[in-house]
Amino acid sequence: MPRLDQPLLVLVTHVQAPAGYELTPASAQVLALARSLTSGPVDAVSLVDAPDAQALAAHGVRTILLPGLGGRSARPSAVAADAVLACLGADDYGALLLVSTYRGREIASRLAALTEAGAVVDAAGVEVVDSGLRVSKTALAGSWTTSLSITRGTPIIAVRSGAFEDEPAPAATAPSVVPVDVAFSPEADAIQVVSSVGAAGSGDGRPALADASTVVVGGRGTDGDFGIVEELADALSGAVGATRVASDEGWVPRSIQIGQTGLSVSPNLYVGLGVSGAIHHTVGMQSSAHIVAVCDDPDAPIFEIADFGVVGDLFDVVPQALEEIRRIRSGQ
Ligand SMILES: Cc1cc2nc3c(=O)[nH]c(=O)nc-3n(C[C@H](O)[C@H](O)[C@H](O)COP(=O)(O)OP(=O)(O)OC[C@H]3O[C@@H](n4cnc5c(N)ncnc54)[C@H](O)[C@@H]3O)c2cc1C
(Lines give C-alpha, C1' and ligand atoms only; values in the text may rest on other atoms or scores of the structure.)
Protein backbone atom coordinates (compact mmCIF):
# COMPACT_ATOMS: atom_id res chain seq x y z
CA MET A 1 0.00 0.00 0.00
CA PRO A 2 1.49 3.41 -0.96
CA ARG A 3 2.30 5.79 1.87
CA LEU A 4 3.16 9.44 2.29
CA ASP A 5 6.71 10.41 3.32
CA GLN A 6 5.61 13.38 5.39
CA PRO A 7 4.77 13.30 9.09
CA LEU A 8 1.07 13.42 10.01
CA LEU A 9 -0.56 15.33 12.84
CA VAL A 10 -3.50 13.93 14.82
CA LEU A 11 -5.69 15.99 17.15
CA VAL A 12 -6.41 13.51 19.94
CA THR A 13 -9.24 13.64 22.44
CA HIS A 14 -9.40 12.32 25.98
CA VAL A 15 -12.04 11.37 28.51
CA GLN A 16 -11.70 12.09 32.20
CA ALA A 17 -11.29 8.84 34.14
CA PRO A 18 -10.73 8.42 37.89
CA ALA A 19 -6.99 7.90 37.32
CA GLY A 20 -6.59 10.83 34.91
CA TYR A 21 -7.23 11.48 31.24
CA GLU A 22 -7.66 8.47 28.96
CA LEU A 23 -7.24 8.53 25.19
CA THR A 24 -10.63 7.98 23.51
CA PRO A 25 -11.00 4.79 21.44
CA ALA A 26 -11.95 6.97 18.44
CA SER A 27 -8.65 8.87 18.69
CA ALA A 28 -6.76 5.59 19.00
CA GLN A 29 -8.40 4.50 15.72
CA VAL A 30 -7.32 7.74 14.03
CA LEU A 31 -3.74 7.26 15.25
CA ALA A 32 -3.72 3.73 13.80
CA LEU A 33 -5.06 5.11 10.53
CA ALA A 34 -2.39 7.85 10.48
CA ARG A 35 0.38 5.25 10.95
CA SER A 36 -0.97 3.25 8.04
CA LEU A 37 -0.87 6.32 5.76
CA THR A 38 2.71 7.48 6.28
CA SER A 39 6.16 6.04 6.42
CA GLY A 40 7.08 9.12 8.48
CA PRO A 41 6.31 9.86 12.12
CA VAL A 42 2.90 10.61 13.64
CA ASP A 43 2.58 13.49 16.11
CA ALA A 44 -0.35 14.21 18.40
CA VAL A 45 -1.87 17.50 19.57
CA SER A 46 -3.49 17.28 22.97
CA LEU A 47 -5.76 19.99 24.33
CA VAL A 48 -5.59 18.53 27.83
CA ASP A 49 -2.42 19.32 29.73
CA ALA A 50 -1.93 15.80 31.15
CA PRO A 51 -2.50 13.57 28.12
CA ASP A 52 -2.53 9.79 28.22
CA ALA A 53 1.19 9.45 27.40
CA GLN A 54 1.13 5.67 27.83
CA ALA A 55 -1.60 5.16 25.24
CA LEU A 56 0.02 7.67 22.88
CA ALA A 57 3.33 5.79 23.22
CA ALA A 58 1.56 2.49 22.53
CA HIS A 59 0.14 4.06 19.38
CA GLY A 60 3.56 5.04 18.10
CA VAL A 61 3.38 8.82 18.60
CA ARG A 62 6.72 10.63 18.08
CA THR A 63 5.87 13.98 19.72
CA ILE A 64 3.00 15.17 21.88
CA LEU A 65 2.36 18.84 21.14
CA LEU A 66 0.82 20.75 24.05
CA PRO A 67 -0.47 24.16 22.96
CA GLY A 68 -0.55 26.75 25.74
CA LEU A 69 -4.15 27.86 26.20
CA GLY A 70 -3.35 30.74 28.56
CA GLY A 71 -6.04 29.64 31.00
CA ARG A 72 -8.73 29.36 28.33
CA SER A 73 -11.07 26.38 28.10
CA ALA A 74 -10.37 24.32 24.99
CA ARG A 75 -14.09 23.76 24.49
CA PRO A 76 -14.89 26.69 22.16
CA SER A 77 -13.89 25.57 18.70
CA ALA A 78 -12.20 28.94 18.03
CA VAL A 79 -9.77 28.24 20.90
CA ALA A 80 -9.15 24.67 19.74
CA ALA A 81 -8.65 25.74 16.11
CA ASP A 82 -6.12 28.45 17.03
CA ALA A 83 -4.27 25.93 19.20
CA VAL A 84 -4.13 23.27 16.47
CA LEU A 85 -3.13 25.88 13.90
CA ALA A 86 -0.09 26.77 16.01
CA CYS A 87 0.85 23.07 16.20
CA LEU A 88 0.56 22.65 12.43
CA GLY A 89 3.60 24.93 12.22
CA ALA A 90 5.76 22.46 14.17
CA ASP A 91 6.65 20.37 11.08
CA ASP A 92 5.87 19.93 7.40
CA TYR A 93 2.77 17.84 8.04
CA GLY A 94 1.14 15.93 5.20
CA ALA A 95 -2.31 16.17 6.83
CA LEU A 96 -4.19 16.81 10.03
CA LEU A 97 -6.51 14.00 11.13
CA LEU A 98 -9.12 14.21 13.86
CA VAL A 99 -12.31 12.50 14.99
CA SER A 100 -15.52 13.57 13.26
CA THR A 101 -17.62 14.51 16.26
CA TYR A 102 -19.69 17.73 16.33
CA ARG A 103 -16.70 19.48 17.81
CA GLY A 104 -14.22 17.80 15.46
CA ARG A 105 -16.25 18.93 12.47
CA GLU A 106 -16.38 22.50 13.80
CA ILE A 107 -12.64 22.58 14.42
CA ALA A 108 -11.97 21.12 10.96
CA SER A 109 -14.12 23.77 9.28
CA ARG A 110 -12.53 26.62 11.21
CA LEU A 111 -9.05 25.36 10.44
CA ALA A 112 -9.92 25.01 6.77
CA ALA A 113 -11.06 28.64 6.75
CA LEU A 114 -7.96 29.80 8.63
CA THR A 115 -5.49 27.91 6.45
CA GLU A 116 -7.47 28.02 3.17
CA ALA A 117 -6.96 24.27 2.95
CA GLY A 118 -9.42 21.59 1.90
CA ALA A 119 -11.26 19.71 4.64
CA VAL A 120 -13.40 16.58 4.55
CA VAL A 121 -15.55 15.58 7.50
CA ASP A 122 -17.25 12.24 8.22
CA ALA A 123 -14.54 10.39 6.28
CA ALA A 124 -15.17 6.66 6.13
CA GLY A 125 -12.06 5.76 4.10
CA VAL A 126 -8.65 7.35 3.55
CA GLU A 127 -5.90 6.07 1.24
CA VAL A 128 -2.78 7.35 -0.46
CA VAL A 129 -3.23 7.80 -4.22
CA ASP A 130 -0.65 9.53 -6.46
CA SER A 131 1.25 10.86 -3.42
CA GLY A 132 -1.88 12.53 -2.07
CA LEU A 133 -4.76 11.52 0.16
CA ARG A 134 -8.00 10.18 -1.32
CA VAL A 135 -10.92 10.34 1.11
CA SER A 136 -14.23 8.53 0.79
CA LYS A 137 -17.49 9.40 2.50
CA THR A 138 -21.15 8.80 1.96
CA ALA A 139 -23.35 11.53 0.52
CA LEU A 140 -27.03 12.26 -0.12
CA ALA A 141 -28.16 10.55 3.06
CA GLY A 142 -25.96 7.52 2.44
CA SER A 143 -27.19 6.68 -1.03
CA TRP A 144 -23.82 7.47 -2.68
CA THR A 145 -20.20 6.99 -1.74
CA THR A 146 -18.01 9.81 -2.96
CA SER A 147 -14.23 9.91 -3.33
CA LEU A 148 -12.45 13.21 -2.81
CA SER A 149 -8.89 14.43 -3.32
CA ILE A 150 -7.84 17.47 -1.33
CA THR A 151 -5.83 19.65 -3.66
CA ARG A 152 -5.16 22.74 -1.59
CA GLY A 153 -3.16 23.28 1.59
CA THR A 154 -2.52 20.73 4.32
CA PRO A 155 -5.51 18.37 4.10
CA ILE A 156 -7.79 18.33 7.15
CA ILE A 157 -9.67 15.08 7.54
CA ALA A 158 -12.25 14.36 10.23
CA VAL A 159 -12.72 10.60 10.44
CA ARG A 160 -15.90 8.81 11.51
CA SER A 161 -15.61 6.97 14.78
CA GLY A 162 -15.64 3.21 14.19
CA ALA A 163 -14.63 3.48 10.53
CA PHE A 164 -11.12 2.15 11.26
CA GLU A 165 -9.69 -0.50 13.57
CA ASP A 166 -7.69 0.53 16.61
CA GLU A 167 -4.35 -1.23 16.44
CA PRO A 168 -1.41 -0.41 18.69
CA ALA A 169 1.94 0.24 16.97
CA PRO A 170 4.23 -2.79 16.50
CA ALA A 171 6.67 -1.08 18.88
CA ALA A 172 5.84 1.54 21.49
CA THR A 173 7.61 4.90 21.29
CA ALA A 174 8.85 7.27 23.99
CA PRO A 175 7.10 10.47 22.82
CA SER A 176 8.67 13.80 23.66
CA VAL A 177 6.31 16.44 25.02
CA VAL A 178 6.71 19.84 23.38
CA PRO A 179 4.87 22.97 24.56
CA VAL A 180 3.64 25.19 21.71
CA ASP A 181 2.96 28.94 21.93
CA VAL A 182 -0.38 30.01 20.47
CA ALA A 183 -1.34 33.43 19.06
CA PHE A 184 -5.07 33.53 19.77
CA SER A 185 -7.48 35.34 17.47
CA PRO A 186 -10.12 37.72 18.93
CA GLU A 187 -12.74 35.02 18.20
CA ALA A 188 -11.09 32.74 20.75
CA ASP A 189 -12.18 35.10 23.52
CA ALA A 190 -15.65 35.78 22.12
CA ILE A 191 -17.06 32.89 24.17
CA GLN A 192 -16.18 32.03 27.74
CA VAL A 193 -17.17 28.70 29.24
CA VAL A 194 -18.96 29.37 32.51
CA SER A 195 -19.87 25.78 33.35
CA SER A 196 -20.24 22.51 31.50
CA VAL A 197 -22.30 19.44 32.26
CA GLY A 198 -21.08 16.04 31.07
CA ALA A 199 -22.99 14.64 28.12
CA ALA A 200 -24.68 11.26 28.30
CA GLY A 201 -22.10 8.54 28.57
CA SER A 202 -19.63 10.62 30.50
CA GLY A 203 -21.14 10.29 33.91
CA ASP A 204 -23.65 7.48 33.77
CA GLY A 205 -21.12 4.66 33.71
CA ARG A 206 -21.90 3.85 30.07
CA PRO A 207 -19.42 4.24 27.21
CA ALA A 208 -19.55 7.50 25.25
CA LEU A 209 -21.85 7.17 22.24
CA ALA A 210 -19.17 8.02 19.68
CA ASP A 211 -16.87 5.29 21.03
CA ALA A 212 -19.32 2.56 22.05
CA SER A 213 -19.10 -0.77 20.27
CA THR A 214 -22.79 -1.35 21.07
CA VAL A 215 -25.46 1.34 20.81
CA VAL A 216 -29.10 0.78 21.80
CA VAL A 217 -31.41 3.43 20.36
CA GLY A 218 -34.92 4.31 21.45
CA GLY A 219 -37.45 5.89 19.12
CA ARG A 220 -41.04 7.06 19.27
CA GLY A 221 -42.10 3.46 19.88
CA THR A 222 -40.73 3.64 23.43
CA ASP A 223 -43.43 6.23 24.15
CA GLY A 224 -40.95 7.97 26.43
CA ASP A 225 -40.05 4.91 28.50
CA PHE A 226 -36.27 4.86 28.07
CA GLY A 227 -35.89 2.57 31.11
CA ILE A 228 -36.12 -0.44 28.83
CA VAL A 229 -33.59 1.05 26.38
CA GLU A 230 -31.15 1.70 29.23
CA GLU A 231 -31.68 -1.78 30.63
CA LEU A 232 -30.80 -3.42 27.33
CA ALA A 233 -27.84 -1.06 26.82
CA ASP A 234 -26.51 -2.00 30.27
CA ALA A 235 -27.00 -5.71 29.65
CA LEU A 236 -24.93 -5.34 26.46
CA SER A 237 -22.41 -2.87 28.02
CA GLY A 238 -23.50 -0.36 25.41
CA ALA A 239 -24.43 3.30 25.09
CA VAL A 240 -27.93 4.76 24.76
CA GLY A 241 -28.93 6.75 21.68
CA ALA A 242 -32.18 8.21 20.41
CA THR A 243 -34.03 9.35 17.34
CA ARG A 244 -34.90 13.00 16.85
CA VAL A 245 -38.50 12.35 17.82
CA ALA A 246 -37.33 11.11 21.22
CA SER A 247 -35.15 14.16 21.79
CA ASP A 248 -37.79 16.57 20.38
CA GLU A 249 -40.26 15.10 22.87
CA GLY A 250 -37.79 15.88 25.65
CA TRP A 251 -37.50 12.22 26.68
CA VAL A 252 -33.72 12.35 26.35
CA PRO A 253 -31.08 15.06 25.89
CA ARG A 254 -30.35 16.30 22.36
CA SER A 255 -26.73 15.19 22.83
CA ILE A 256 -27.68 11.54 22.23
CA GLN A 257 -29.67 12.09 19.03
CA ILE A 258 -28.34 10.04 16.12
CA GLY A 259 -28.82 11.04 12.51
CA GLN A 260 -28.48 13.81 10.00
CA THR A 261 -28.83 16.56 12.58
CA GLY A 262 -27.26 14.54 15.37
CA LEU A 263 -24.34 12.22 15.90
CA SER A 264 -22.99 9.68 13.43
CA VAL A 265 -22.11 6.33 14.96
CA SER A 266 -20.58 3.17 13.50
CA PRO A 267 -20.76 0.64 16.33
CA ASN A 268 -20.24 -3.07 15.95
CA LEU A 269 -23.85 -3.56 17.07
CA TYR A 270 -26.75 -1.10 16.68
CA VAL A 271 -30.10 -2.05 18.23
CA GLY A 272 -33.12 0.09 17.33
CA LEU A 273 -36.18 -0.13 19.59
CA GLY A 274 -39.36 1.41 18.20
CA VAL A 275 -37.36 3.16 15.47
CA SER A 276 -38.89 3.31 11.98
CA GLY A 277 -35.61 3.92 10.12
CA ALA A 278 -36.30 7.27 8.47
CA ILE A 279 -33.45 8.26 6.19
CA HIS A 280 -32.59 11.25 8.41
CA HIS A 281 -31.88 8.73 11.17
CA THR A 282 -30.25 5.94 9.18
CA VAL A 283 -27.67 8.29 7.65
CA GLY A 284 -26.16 8.46 11.15
CA MET A 285 -26.05 4.73 11.85
CA GLN A 286 -26.15 2.72 8.63
CA SER A 287 -22.41 2.03 8.66
CA SER A 288 -22.88 -0.01 11.87
CA ALA A 289 -21.43 -3.50 11.41
CA HIS A 290 -24.56 -5.30 12.65
CA ILE A 291 -28.05 -3.78 12.79
CA VAL A 292 -30.84 -5.25 14.89
CA ALA A 293 -34.33 -3.74 14.88
CA VAL A 294 -37.40 -4.31 17.02
CA CYS A 295 -40.41 -2.53 15.54
CA ASP A 296 -44.10 -3.39 15.37
CA ASP A 297 -44.51 -2.18 11.77
CA PRO A 298 -43.39 -4.89 9.31
CA ASP A 299 -43.13 -2.26 6.56
CA ALA A 300 -40.81 0.03 8.54
CA PRO A 301 -37.75 0.94 6.42
CA ILE A 302 -35.39 -0.04 9.22
CA PHE A 303 -35.99 -3.69 8.21
CA GLU A 304 -34.45 -2.96 4.78
CA ILE A 305 -31.05 -2.40 6.40
CA ALA A 306 -31.40 -4.65 9.45
CA ASP A 307 -29.30 -7.83 9.68
CA PHE A 308 -31.77 -9.16 12.23
CA GLY A 309 -35.28 -7.82 12.69
CA VAL A 310 -38.10 -8.63 15.06
CA VAL A 311 -41.61 -7.47 14.18
CA GLY A 312 -43.28 -7.02 17.52
CA ASP A 313 -43.97 -4.84 20.52
CA LEU A 314 -40.66 -3.85 22.06
CA PHE A 315 -42.18 -4.13 25.53
CA ASP A 316 -42.80 -7.86 24.83
CA VAL A 317 -39.62 -8.57 22.90
CA VAL A 318 -36.96 -6.76 24.95
CA PRO A 319 -37.78 -8.38 28.33
CA GLN A 320 -37.44 -11.79 26.65
CA ALA A 321 -34.12 -10.76 25.11
CA LEU A 322 -32.92 -9.50 28.50
CA GLU A 323 -33.88 -12.78 30.15
CA GLU A 324 -31.93 -14.72 27.53
CA ILE A 325 -28.87 -12.43 27.78
CA ARG A 326 -28.84 -12.83 31.56
CA ARG A 327 -29.25 -16.61 31.25
CA ILE A 328 -26.28 -16.80 28.85
CA ARG A 329 -24.20 -14.47 31.04
CA SER A 330 -24.85 -16.56 34.13
CA GLY A 331 -23.73 -19.66 32.19
CA GLN A 332 -26.96 -21.61 32.79
C1 LIG B 1 -34.17 18.06 8.15
C2 LIG B 1 -34.46 16.90 9.04
C3 LIG B 1 -33.47 16.39 9.84
C4 LIG B 1 -33.72 15.31 10.66
N5 LIG B 1 -32.72 14.81 11.46
C6 LIG B 1 -32.95 13.70 12.17
C7 LIG B 1 -31.90 13.11 12.95
O8 LIG B 1 -30.78 13.59 13.03
N9 LIG B 1 -32.18 11.98 13.63
C10 LIG B 1 -33.42 11.37 13.60
O11 LIG B 1 -33.59 10.33 14.23
N12 LIG B 1 -34.40 11.94 12.90
C13 LIG B 1 -34.22 13.08 12.20
N14 LIG B 1 -35.26 13.64 11.52
C15 LIG B 1 -36.61 13.08 11.71
C16 LIG B 1 -36.83 11.84 10.88
O17 LIG B 1 -37.27 12.20 9.59
C18 LIG B 1 -37.90 10.93 11.55
O19 LIG B 1 -39.06 11.69 11.78
C20 LIG B 1 -37.45 10.31 12.86
O21 LIG B 1 -36.19 9.70 12.70
C22 LIG B 1 -38.45 9.26 13.28
O23 LIG B 1 -38.13 8.83 14.57
P24 LIG B 1 -38.71 7.47 15.12
O25 LIG B 1 -38.21 6.34 14.28
O26 LIG B 1 -38.44 7.47 16.58
O27 LIG B 1 -40.28 7.68 14.97
P28 LIG B 1 -41.32 7.05 13.94
O29 LIG B 1 -40.91 7.29 12.54
O30 LIG B 1 -42.66 7.53 14.36
O31 LIG B 1 -41.19 5.49 14.18
C32 LIG B 1 -41.56 4.85 15.37
C33 LIG B 1 -41.74 3.39 15.02
O34 LIG B 1 -41.95 2.66 16.21
C35 LIG B 1 -43.01 1.74 15.96
N36 LIG B 1 -43.63 1.42 17.27
C37 LIG B 1 -44.56 2.12 17.95
N38 LIG B 1 -44.81 1.52 19.13
C39 LIG B 1 -44.01 0.42 19.20
C40 LIG B 1 -43.79 -0.60 20.16
N41 LIG B 1 -44.43 -0.59 21.34
N42 LIG B 1 -42.89 -1.57 19.89
C43 LIG B 1 -42.21 -1.59 18.71
N44 LIG B 1 -42.37 -0.64 17.75
C45 LIG B 1 -43.26 0.36 18.00
C46 LIG B 1 -43.95 2.42 14.99
O47 LIG B 1 -44.76 1.50 14.29
C48 LIG B 1 -42.93 3.13 14.11
O49 LIG B 1 -42.52 2.29 13.04
C50 LIG B 1 -35.01 14.73 10.70
C51 LIG B 1 -36.03 15.26 9.87
C52 LIG B 1 -35.76 16.32 9.07
C53 LIG B 1 -36.85 16.87 8.20
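Residues numbered from 1 in each chain as written. Predicted model: local features only at pLDDT ≥ 70, side-chain atom pairs only at ≥ 80, totals over all residues. Heavy atoms only, no water.

Some words on the side chain of Asp52
Here's step 1: Tracing the backbone shows Asp52 in the loop between strand S4 (42–46) and helix H2 (53–58).
Here's step 2: Buried charged residue Asp52 carries no salt bridge. Nearest counter-charge: Arg35, at 13 Å.
Here's step 3: Apart from residues lying up to four places away in sequence, Asp52 is in contact with His14, Tyr21, Glu22 and Leu23. (Helix = DSSP H or I, 4+ residues; strand = E, 2+ residues; numbered from the N terminus. Buried < 20%, exposed > 50% of the residue type's maximum accessible area, 1.4 Å probe, protein only. Lys, Arg positive; Asp, Glu negative; His and termini not counted. Salt bridge = Lys/Arg side-chain N within 4 Å of Asp/Glu carboxyl O. Contact = heavy atoms within 4.5 Å.)

Some details on the packing of aromatic side chains
Here's step 1: Going through the model one piece at a time under the given rule, you end up with zero aromatic pairs.
Here's step 2: A cation over a ring is seen here: Arg72 above Phe184, with NZ or CZ 4.0 Å from the ring centre. (Phe/Tyr/Trp six-rings, centres within 6.5 Å; stacked < 30°, edge-to-face > 60°. Lys NZ or Arg CZ within 6 Å of the ring centre and 35° of its normal.)

Quick word on the sheet that holds strand S11 (residues 156–159)
Here's step 1: The strand order across the open sheet formed by seven strands is S7-S11-S6-S1-S4-S5-S12, and the pairing between neighbours is parallel. At either end of the open sheet lies a strand with only one pairing partner, and these are strand S7 (119–123) and strand S12 (176–180). Going from strand to strand, the sheet's axes swing by 25° on average, the running direction of each strand aside.
Here's step 2: When strand S1 (residues 8–12) meets S4, the two strands line up parallel, connected through five bridges. Bridging across to S4, Val12 finds its partner in Ser46. (Pairing = 2+ DSSP bridges. Axes fitted to C-alpha atoms, helices over the stretch in contact; angles between N-to-C directions.)

Quick word on the packing of helix H5 (residues 227–235) against helix H9 (residues 314–329)
Here's step 1: As a packed pair, H5 and H9 sit with axes 10 Å apart at the nearest point and diverge in direction by 20°. In terms of their interaxial angle, H5 and H9 are classed as roughly parallel. The chirality of how H5 crosses H9 is left-handed. Residues Ile228, Glu231, Leu232 and Ala235 of H5 lie in contact with H9, whose contacting residues are Leu314, Phe315, Val318, Pro319, Leu322, Ile325, Arg326 and Arg329.
Here's step 2: In terms of residue class, the contact of H5 with H9 is made up of nine nonpolar, no polar and three charged. (Parallel < 35°, antiparallel > 145°, perpendicular 65-115°, else oblique. Left-handed = near helix turned anticlockwise from the far one by under 90°. Nonpolar A, V, L, I, M, F, W, Y, C, P; charged D, E, K, R; others polar.)

Overview of the layout of surface pockets
Here's step 1: Size it by volume and the second largest pocket reaches roughly 450 Å³.
Here's step 2: Lining the second largest pocket are 23 residues, with Arg220, Thr243, Val245, Val275 and Ser276 sitting closest to its centre.
Here's step 3: Elements that contribute at least two residues to the lining of the second largest pocket include exactly helix H6 (244–248), helix H7 (279–282) and strand S16 (290–295).
Here's step 4: Residues that form the lining of the second largest pocket fall into these classes: seven nonpolar, twelve polar and four charged. (1 Å grid on protein atoms, 1.4 Å probe; cavity = no way out; pocket = protein on both sides within 12 Å on 5 of 7 lines; lining within 4 Å. Points joined across faces, edges and corners; volume = space filled by probe spheres on them.)

Comments concerning the sheet that holds strand S15 (residues 269–273)
Here's step 1: On the basis of which strands lie adjacent, the open sheet formed by five strands has the order S14-S13-S15-S16-S17 and parallel pairing. Because the sheet does not close on itself, it has two edges, and the strands there are strand S14 (239–242) and strand S17 (308–311). Taken over all neighbouring pairs, the strand axes of this sheet differ in orientation by 15° on average, direction set aside.
Here's step 2: Sheet topology note: the S15/S16 ladder contains five bridges and is parallel. Opposite Leu269, over in S16, you have His290 as the bridge partner.
Here's step 3: Contacting strand S13 (214–218), S14 and S15, H5 crosses the sheet at an angle of about 170° to S13.

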